[in-house]
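# Secondary and tertiary structure notes
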Amino acid sequence: EDKKEQTVGLVIKYLGKTLEYDVAVTGETTVEQVLNEVVQQRGLLLETKDFGGSMGIFVKAINGVANDSGSNMYWQLYVNGELSPVGASTARVRPGDTVTWQYELQHEKE
């Protein structure tokens, strides 16, 4: 079996650093579950706020790097290179997908 077929790639980009993880998944899962796996297995430091319901979790900080409203820098979620319209609890991924959390200037809402 090709390892890629059974994993979701998690890429975390911030302040010139890129961390990459392969997370084993069985079938469809959520980005939140992928994150939790890396927190438990690889010691990623994650700070979230759970809004419950359809909002779900909001990522506040990764590895100590926090959203900063002053400089308008936030953690943004991409799935397969596309900015996710939904949050980590709702965004669904399948084996072979890539999840990217990028710390960057907040996109202007259209």
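Here, every reference points to the structure presented above.
Described in the following lines is the structure provided in the data block. Not measured: the values here are computed from a predicted model. (Residues numbered from 1 in each chain as written. Predicted model: local features only at pLDDT ≥ 70, side-chain atom pairs only at ≥ 80, totals over all residues. Heavy atoms only, no water.)

## Digging into the sheet that holds strand S6 (residues 65-66)
Strand order in the open sheet formed by 3 strands is S4-S5-S6, and the pairing between neighbours is antiparallel. Looking along the sheet, the strands with just one partner apiece sit at the ends: strand S4 (46-50) and S6. As defined by bridge partners, strand S5 (residues 57-62) adjoins S6 across 2 bridges and the pair is classed as antiparallel. Pairing of Ala-61 across the sheet is with Ala-66, part of S6. (Pairing = 2+ DSSP bridges. Helix = DSSP H or I, 4+ residues; strand = E, 2+ residues; numbered from the N terminus.)

## What about helix H1 (residues 31-42)?
Taking 1.5 Å of rise per residue, 12 residues should cover 16 Å, and H1 covers 16 Å from first to last C-alpha, within 8% of that figure. Among all positions of H1, only Val-31, Val-34, Leu-35 and Val-38 are buried. The arc that holds every buried residue of H1, seen down its axis, measures 100°, which confines them to one face. Those residues of H1 that are exposed and angled more than 90 degrees off the buried face are Gln-40 and Gln-41. Taken from the residues just after H1, Gly-43 is the one with a positive phi, measuring 75°. (Expected span 1.5 Å × (residues − 1). Buried < 20%, exposed > 50% of the residue type's maximum accessible area, 1.4 Å probe, protein only. Arc of directions from axis to C-beta.)

## Focus: the packing of aromatic side chains
Given two aromatic rings, one states the distance between the centres and the angle between the planes to describe the pair. Taken as a whole and assessed by the stated rule, the structure comprises 3 aromatic pairs. The interplanar angle of 70° and the centroid separation of 6.3 Å between the aromatic rings of Phe-51 and Phe-58 together place this pair among those described as edge-to-face. For Phe-51, a relative accessible area of 43% corresponds to the partly exposed category. We classify Phe-58 as partly exposed; its relative accessible area is 40%. Summarising the aromatic geometry, the rings of Trp-75 and Tyr-103 are spaced 5.2 Å apart at their centres and angled 50° between planes, so their arrangement reads as tilted. In this pair, Trp-75 is assigned in strand S7 (residues 73-79) and Tyr-103 in strand S10 (residues 98-105), connecting sequence segments 28 residues apart. Each member of the pair, Trp-75 as well as Tyr-103, is classed as buried. (Phe/Tyr/Trp six-rings, centres within 6.5 Å; stacked < 30°, edge-to-face > 60°.)

## A closer look at the pairing of S4
Relative to S5, S4 runs antiparallel, the two being bridged by 5 bridges. Bridging across to S5, Lys-49 finds its partner in Phe-58. What sits between the antiparallel neighbours S4 and S5 is a turn of 6 residues, in which Gly-52 has the positive phi angle 70°.

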